[in-house]
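Per-entry structural report
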Number of protein chains: 2
Amino acid sequence: MAKTDTLPPIAHPAREEITVEGVLRALADPVRLAIVRQLAGTEQEIACGGLTVPVTKSTLTHHLSILRQAGVVAGRQEGTTRFNSLRRNDLDALFPGLLNGVLAARR
Amino acid sequence: MAKTDTLPPIAHPAREEITVEGVLRALADPVRLAIVRQLAGTEQEIACGGLTVPVTKSTLTHHLSILRQAGVVAGRQEGTTRFNSLRRNDLDALFPGLLNGVLAARR
DNA sequence: GTCGTAGTTCGACAGTCACCGTACTACGTC
DNA sequence: GACGTAGTACGGTGACTGTCGAACTACGAC
């Protein structure tokens, strides 16, 4: 059967394809918000397994997929590991202040 | 039966009770986002009937109730009319930049 | 009192969504 | 090859949510 050469680098929306509503929807969930906070708390990327969330692996995959589709996080594959990072540049360019406002929240 | 003296001025969360997640949830809907945009586009308050939304009255009531409970909009009763306004001060104080970021969005 | 207008409340219904377990693919190591 | 690990895909289920129409309350004008 066909080999997966070049390994399609995951589907991410281009910057112009990101919508506020999608981003807000993605952020409007406690688990995903926790993920975003963890990613925002470090300069480094975090592998799926390195995220602390109160859900199973499959549910985590689901949440990350939503965050990715919304354009909030980017994923980079390296071996069997997928490194996730915040798309801070894109979000700040499109919705200046939004991310900071969300992260500034105490509750 | 008991008269409604003083007319309980609608239930609004205090500033400290507003949560990011609640606000994000409230904003993560096209109809509610449209309402917020209309309220943000003017200095004046807007009555329910003055809002342009593609839903029926009862659905509009529902959306406004969610926005109110989340602390995004305030409602002031005057006769049979309810005037709505954005709680810009509170939102800016709690989540500086969030509202601006959302409103800055072109899509 | 009667009527019209402004909003709310109350089911009901359909669609979406978070969650899980299981099965699967892909890579690295032995 | 066999095995373990990292993450995804699939199917199912229960809960939530946006939508509506109809009935209702509250106020103002006639």
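Given the structure is predicted, the values throughout are model-derived calculations rather than measurements.

1. Comments concerning helix H3 (residues 57-70) of chain A
Residue and element names in this part refer to chain A. With 14 residues, H3 should cover 20 Å at 1.5 Å per step; its first-to-last C-alpha distance of 20 Å lies within 8% of that length. Turning to H3, its buried residues are Leu60, His63, Leu64, Leu67, Arg68 and Ala70. Considered in projection along H3, the buried side chains sweep an arc of 165 degrees and stay on one side of the axis. Turned more than 90 degrees away from the buried face of H3, the exposed residues are Ser58 and Gln69. Considering only its buried residues, H3 is in contact with helix H1 (20-27), helix H2 (30-40), strand S2 (73-78) and strand S3 (81-86). Gly71, located one to two residues past H3, shows a positive phi value of around 90 degrees.

2. Quick notes on the protein's contact with DNA strand C
In the vicinity of DNA strand C lie 24 residues, with Arg32 and His63 of chain A together with Lys57, Thr61 and Arg82 of chain B positioned nearest. Near-protein atoms of DNA strand C (within 4 Å) split between backbone and bases, with sugar and phosphate holding 66%. Ser58 of chain A places a side-chain nitrogen or oxygen 3.0 Å from a base oxygen of DNA strand C. Contributing elements (two or more residues each) for the surface near DNA strand C: H2 and H3 of chain A together with helix H3 (57-70) and strand S3 (81-86) of chain B. When residues in the surface near DNA strand C are grouped by element, the largest group, five residues, is from H3 of chain A. By residue class, the composition of the surface near DNA strand C is five nonpolar, 13 polar and six charged.

3. Thoughts on the sheet that holds strand S1 (residues 46-47) of chain B
Residue and element names in this part refer to chain B. The antiparallel open sheet is built from three strands, whose spatial order is S1-S3-S2. A strand with exactly one partner marks an edge of an open sheet, and here the two such strands are S1 and strand S2 (73-78). In the sheet, S2 pairs with S3 via six bridges, with the strands oriented antiparallel. For Gly75, the partnering residue across the bridge sits in S3 and is Asn84.

4. What to know about the pattern of salt bridges
Inspection of every chain in the model, using the stated rule, returns 10 salt bridges over all chains. The salt bridge involving Arg87 of chain A is made with Asp90 of chain A; its shortest N-O contact spans 2.9 Å. Assigned by exposure class, Arg87 of chain A and Asp90 of chain A land together as buried. The shortest N-O distance in the salt bridge between Arg25 of chain B and Glu21 of chain B comes to 3.6 Å. Of this pair, Arg25 of chain B and Glu21 of chain B both sit in helix H1 (residues 20-27), separated by four residues, roughly a single helical turn. The exposure class of Arg25 of chain B is partly exposed, given its relative accessible area of 45%. Within the structure, one salt-bridge network assembled from shared partners comprises Arg15, Arg87 and Asp90 of chain A.

5. Observations concerning the protein's contact with DNA strand D
In the vicinity of DNA strand D there are 23 residues, among which Gly49, Lys57, Thr61 and Arg82 of chain A together with His63 of chain B approach most closely. Sugar and phosphate atoms represent 64% of those atoms of DNA strand D found within 4 Å of the protein. Of all the elements in the fold, those that place two or more residues in the surface near DNA strand D are H3 and S3 of chain A together with helix H2 (30-40) and H3 of chain B. Ranked by residue count, the leading element in the surface near DNA strand D is H3 of chain B, at five residues. Classifying every residue of the surface near DNA strand D by side-chain character gives five nonpolar, 12 polar and six charged.

6. Examining the packing of H1 of chain B against H3 of chain B
Two quantities define a packed helix pair, namely the angle between the helix axes and the distance between the axes. Residues and elements named next belong to chain B. Between H1 and H3, the shortest axis-to-axis distance is 9 Å and the interhelical angle comes to 160 degrees. It follows from the interaxial angle that H1 and H3 lie roughly antiparallel. The two elements H1 and H3 meet at a crossing, and its hand is left-handed. Across the interface between the two elements, Gly22, Val23 and Ala26 of H1 pack against Ile66, Leu67 and Ala70 of H3. Of the residues belonging to the contact of H1 with H3, the class tally is five nonpolar, one polar and no charged.

7. With respect to the relation of the copies chain B and chain A
Take chain B, turn it by 180 degrees, move it 0.0 Å along the axis, and it overlays chain A with an RMSD of 0.0 Å. Both copies of the chain, as the preceding transformation shows, are related through a two-fold rotation axis. Most of the interface of chain B is mirrored in chain A: 100% of its interface residues are interface residues there too.

Definitions and cut-offs
- Residues numbered from 1 in each chain as written.
- Chains lettered and ligands numbered in written order.
- Predicted model: local features only at pLDDT ≥ 70, side-chain atom pairs only at ≥ 80, totals over all residues.
- Heavy atoms only, no water.
- Helix = DSSP H or I, 4+ residues; strand = E, 2+ residues; numbered from the N terminus.
- Expected span 1.5 Å × (residues − 1).
- Buried < 20%, exposed > 50% of the residue type's maximum accessible area, 1.4 Å probe, protein only.
- Arc of directions from axis to C-beta.
- Contact = heavy atoms within 4.5 Å.
- Near = heavy atom within 4 Å.
- Polar contact = N/O pair within 3.5 Å; in protein donor to acceptor, adjacent residues only side chain to side chain.
- Nonpolar A, V, L, I, M, F, W, Y, C, P; charged D, E, K, R; others polar.
- Pairing = 2+ DSSP bridges.
- Salt bridge = Lys/Arg side-chain N within 4 Å of Asp/Glu carboxyl O.
- Axes fitted to C-alpha atoms, helices over the stretch in contact; angles between N-to-C directions.
- Parallel < 35°, antiparallel > 145°, perpendicular 65-115°, else oblique.
- Left-handed = near helix turned anticlockwise from the far one by under 90°.
- Least-squares fit on C-alpha atoms with pLDDT ≥ 70 in both.

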